[in-house]
Amino acid sequence: MAISAAPAEGDDEVIAAINTTPLVDVMLVLLIIFLITIPVVTTSVPVELPKETVEVRESKPENLVISVDSSNAIYIQDSKVASTRALVEHLKKVSVQQPQPEVQIRGDLTAQYEGVGKILYACQLAGIGKVAFITEPPARGG
């Protein structure tokens, strides 16, 4: 009996199989490592986040309502303000009143943040201590 090293005539196809068991083991180990380390990384700085509350505030006659429309025009009560400098001058007159009135900002939904930012900056320059934003309450049921 002789052993032949050459393949037989009908056996010319090669059988190739990849053993995937080690690959699955490595992937499971990596998954466990990521599941353990991700919560540690995301909460590394302890921060107490504010809770959402809705306060119903009454509008007092002495409060100053400043509005921004969709074209970023600024209005005090119902009169249009010519410039940011004029807004600052008006707010400086208001800031010396005792007690200091609250400035309430009404911004249009489609207005850019620039108009609201100008109002906040003018309030800061004038020394206004209380600034609030007027929004619509959410619809009932969510």
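As shown above, the structure is provided for reference.
Here the structure is a predicted model, which means the values were calculated and not measured. (Residues numbered from 1 in each chain as written. Predicted model: local features only at pLDDT ≥ 70, side-chain atom pairs only at ≥ 80, totals over all residues. Heavy atoms only, no water.)

Student: Residues and numbers for the pairing of strand 5 (residues 131-134), please.
Tutor: In terms of strand pairing, strand 4 (residues 103-107) meets strand 5 through four bridges, oriented parallel. Bridge pairing in strand 5 links Arg106 to Ile134. (Pairing = 2+ DSSP bridges. Helix = DSSP H or I, 4+ residues; strand = E, 2+ residues; numbered from the N terminus.)

Student: With reference to specific residues and values, describe the layout of surface pockets.
Tutor: A probe as big as a water molecule, rolled over the atoms, marks out the empty space that is left. Considering only enclosed or pocket space, the second largest pocket measures out at about 250 Å³ in volume. Taken together, Ser67, Val68, Asp69, Arg106, Gly107, Asp108, Leu109, Ile134, Thr135 and Glu136 make up the full set of residues lining the second largest pocket. Taken together, the elements giving at least two residues each to the lining of the second largest pocket come down to strand 1 (64-68) and strand 4. Partitioning the lining of the second largest pocket into residue classes produces three nonpolar, three polar and four charged. (1 Å grid on protein atoms, 1.4 Å probe; cavity = no way out; pocket = protein on both sides within 12 Å on 5 of 7 lines; lining within 4 Å. Points joined across faces, edges and corners; volume = space filled by probe spheres on them. Nonpolar A, V, L, I, M, F, W, Y, C, P; charged D, E, K, R; others polar.)

Student: Any chance you could break down the sheet that holds strand 4 for me, citing the residues and the numbers?
Tutor: Backbone hydrogen bonds are what pair the strands of a sheet, in a parallel or an antiparallel way. Read across the open sheet, the five strands follow the order 3-2-1-4-5; overall the sheet is mixed. At either end of the open sheet lies a strand with only one pairing partner, and these are strand 3 (79-80) and strand 5. Looking at chain direction, strand 2 (residues 74-76) and strand 3 are connected through two bridges and run antiparallel. For Tyr75, the partnering residue across the bridge sits in strand 3 and is Lys80. Seen against the sheet, helix 2 (residues 84-95) touches strand 1, strand 2 and strand 4 and runs at an angle of roughly 165° to strand 1. (Contact = heavy atoms within 4.5 Å. Axes fitted to C-alpha atoms, helices over the stretch in contact; angles between N-to-C directions.)

Student: Describe in detail helix 2, supporting the description with residues and values.
Tutor: The periodicity of an α-helix, 3.6 residues per turn, causes residues three or four positions apart to be oriented the same way. End to end, helix 2 covers 16 Å across twelve residues, agreeing with the expected 16 Å (1.5 Å per residue, within 8%). Of all the residues in helix 2, the buried ones are Leu87, Val88, Leu91, Val94 and Ser95. All buried residues of helix 2 fall inside an arc of 120° around its axis, so they share one side. Pointing more than 90 degrees away from the buried face of helix 2 are the exposed residues Arg85 and Lys93. Against the buried residues of helix 2 lie strand 1, strand 2, strand 4 and helix 3 (113-126). (Expected span 1.5 Å × (residues − 1). Buried < 20%, exposed > 50% of the residue type's maximum accessible area, 1.4 Å probe, protein only. Arc of directions from axis to C-beta.)

Note that every value here comes from positions in space, so none of it alone points to a role or purpose.
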